[in-house]
Amino acid sequence: MTTISALEGIHIKGLFGDFEKKDEKNLIKISEKSDLLIVQIVQYTKSPISLESIKIDNLNLKNNTHLVISNKSTRILWCGPKNWILVSSKKDLLKEIKKKLNEKDFAITDLSHSKTTIELEGDNIKEVLKKGCPFDIDQLKKDNCFNSVFNGLSVTIDILEDSTNKIRIFALRSFGES
């Protein structure tokens, strides 16, 4: 099955807004990230399985608030107690996940076609987030994530880099145009 962007035919490349006479480093770059595997992993409450015994793409599931565990191709975002979102450029990783996590102990849901992933980069990213998000943005750093609302939309935000102020916003595909 091929992936069709939620922004297909809508997203237009170019410069928009108040950009004239501004240094390019002060602008925010916005791009859609497509062709990602996005999987929700939930461990059932009564599951006796220890998280330390599980590795997916050489990464352990951690039950730490706002923590992202990552390597070059995969990021595992903590979304709540025993609840994670795995994002990877390795599309075949879903087979490994289903093989390692049995249905008796885990719910595995492929969200790849139901999410829009927007990447933002620039010095004023945190200011943009503060305008539409009630979360305390200033406390966040690289490899943190959180669920919140942004201008009325339910989103998951992943802090990719501190030095470049780079983040990803995951929203329902139907909000891709919003």
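For every chain, the first residue of its written sequence is number 1, and the numbers climb from 1 along that sequence. Residues qualify for local features only when their pLDDT is at least 70, as the model is predicted, and side-chain atom pairs are given and counted only at 80 or more; totals for whole chains, interfaces and linings, by contrast, use all residues. Only hydrogens and water are set aside when side-chain values are computed; all heavy atoms of the structure are taken into account.

**Q** Before we move on, could you go through the sheet that holds strand 5 (residues 68-70) and cite the residues and values that matter?
**A** A sheet is described by the order of its strands in space; here five strands give the open sequence 5-6-7-2-8, paired in antiparallel fashion. Looking at strand neighbours, the two that pair on one side only are strand 5 and strand 8 (106-110), the edges of this open sheet. Each adjacent strand pair in this sheet contributes to an overall mean axis angle of 20 degrees, direction not counted. Summarising the sheet, strand 5 and strand 6 (residues 74-80) pair through three bridges and their orientation is antiparallel. What makes two strands pair is DSSP finding at least two bridges between them. Every helix listed is a DSSP run of H or I at least four residues long, and every strand listed is a run of E at least two residues long, numbered separately from the N terminus. To get an axis, a line is fitted to the C-alpha atoms, and for a helix only the part in contact is used. The angle between two axes follows their N-to-C directions and goes from 0 to 180 degrees.

**Q** Tell me about the sheet that holds strand 1 (residues 29-32), and please be specific about residues and values.
**A** Taken in spatial order, the five strands of this open sheet run 1-9-12-11-10, and their pairing is antiparallel. The open sheet terminates on both sides in strands that have one partner only, identified here as strand 1 and strand 10 (145-150). Across the sheet, the axes of successive neighbouring strands diverge by a mean angle of 30 degrees, strand direction being ignored. Inspection of the sheet shows strand 10 paired to strand 11 (residues 153-161) by six bridges, in the antiparallel sense. Bridge assignment links cysteine 145 to a residue of strand 11, and that residue is aspartate 158. We call two residues in contact whenever any of their non-hydrogen atoms come within 4.5 Å of each other. Sitting on the sheet, helix 2 (residues 125-132) touches strand 9 (115-121), strand 10, strand 11 and strand 12 (166-172), and the angle it makes with strand 10 is about 55 degrees.

**Q** Requested: an account of the nonpolar core, with residues and values cited.
**A** For this analysis, a nonpolar core means a set of buried residues of the types Ala, Val, Leu, Ile, Met, Phe, Trp, Tyr and Cys, connected via side-chain atoms within 4.5 Å. Any residue under 20% of the maximum accessible area for its type is buried, any over 50% is exposed, and the rest in between are partly exposed; the area is computed with a 1.4 Å probe on protein chains only. Grouped together as the largest cluster of nonpolar side chains are 18 residues, with contacts concentrated most on Ile41, Ile56, Leu61, Leu86 and Ile97. Ile125, Leu153, Val155 and Ile159 belong to the second-largest nonpolar core, a separate cluster that totals 16 residues.

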